[in-house]
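Listed below, chain by chain, are the residues.
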Amino acid sequence: MEQPERREGFLTVKPTMWRIGLVGCVVILIFFLIAISAIIFFIGRTPYYRNLVECHSHIQRIGDAVGRYATKNDAYPKSLKDLVPDYIPAAVLKCPADESAGAVSYIYRIPRPNDPPTFHILECHNHQLRKDMQPGGWAYQKNGQIVPLIQEPLKLKR
Ligand SMILES: [Zn+2]
């Protein structure tokens, strides 16, 4: 006699608990999804990330232009200014995060045949997430890949 009563209790009470739990989970999940999308939306609008995205497109275009120049002339350009105006407009040589007066924001190194594929042909060091971190940005490798330059904390002066 006791067992059916327990069964009844299990069947009538538990589903309601499950329903409350399920609705609670769905509400929490929706709340987190909204919160996460809001965070991503606002971070994406900050100047730091906007500049990083734009700089990525600049370094891609310069890297491609260096490649096209090298293919056509059988040698790498001596300077990035050699790419203007035939390969890229001058404005591309300026990183959006670079506030200096210079016309070229990117560090350019001519690769030698024995340099590894991960050799950095181009580097940008104009992006600083926080004042206590080294400026970083992107690097364009010899193999055509763009990799982020890790921003390490600045060593504290004592
Ligand atoms: Zn940059």
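Residues numbered from 1 in each chain as written. Predicted model: local features only at pLDDT ≥ 70, side-chain atom pairs only at ≥ 80, totals over all residues.

Turning next to unusual backbone geometry. Most peptide bonds are trans, and most residues other than glycine sit at a negative phi. Cis rather than trans, the peptide bond between Val84 and Pro85 has omega equal to 0°. By the secondary structure assignment, Pro85 is in the loop between α2 (47–73) and β1 (107–108). The phi dihedral of Asp74 falls on the positive side, at around 60°, and the residue is not glycine. Structurally, the position occupied by Asp74 is in the loop between α2 and β1. For Asp74, a count of 7 C-beta atoms within 10 Å translates into the label exposed. (Helix = DSSP H or I, 4+ residues; strand = E, 2+ residues; numbered from the N terminus. Buried ≥ 20, exposed ≤ 12 C-beta atoms within 10 Å, placed from the backbone.)

Glancing now at the nonpolar core. In this structure, Cys55, Ile59, Ile62, Tyr106 and Leu122 are the most contacted members of the largest nonpolar core, which totals 20 residues. Counting residues per element, the ones that place at least two in this core are α2, β2 (120–123) and β3 (137–141). In terms of residues, this core owes the most to one element, α2, which gives 6 residues. The residues contacting Cys55, other than those within four sequence positions of it, are Cys95, Pro96, Ala97, Cys124, His127, Gly137 and Trp138. (Core = buried A, V, L, I, M, F, W, Y, C linked by C-beta atoms within 7 Å. Contact = placed C-beta atoms within 7 Å.)

The strand order across the open sheet formed by 4 strands is β1-β2-β3-β4, and the pairing between neighbours is antiparallel. The open sheet has two edge strands with one neighbour each: β1 and β4 (146–149). The sheet contact formed by β3 and β4 spans 4 bridges and is antiparallel. Residue Trp138 lies in a different strand from β4, and its bridge partner there is Pro148. Together, β2, β3 and β4 form the strand contacts of α2, whose direction differs from that of β3 by roughly 20°. (Pairing = 2+ DSSP bridges. Axes fitted to C-alpha atoms, helices over the stretch in contact; angles between N-to-C directions.)

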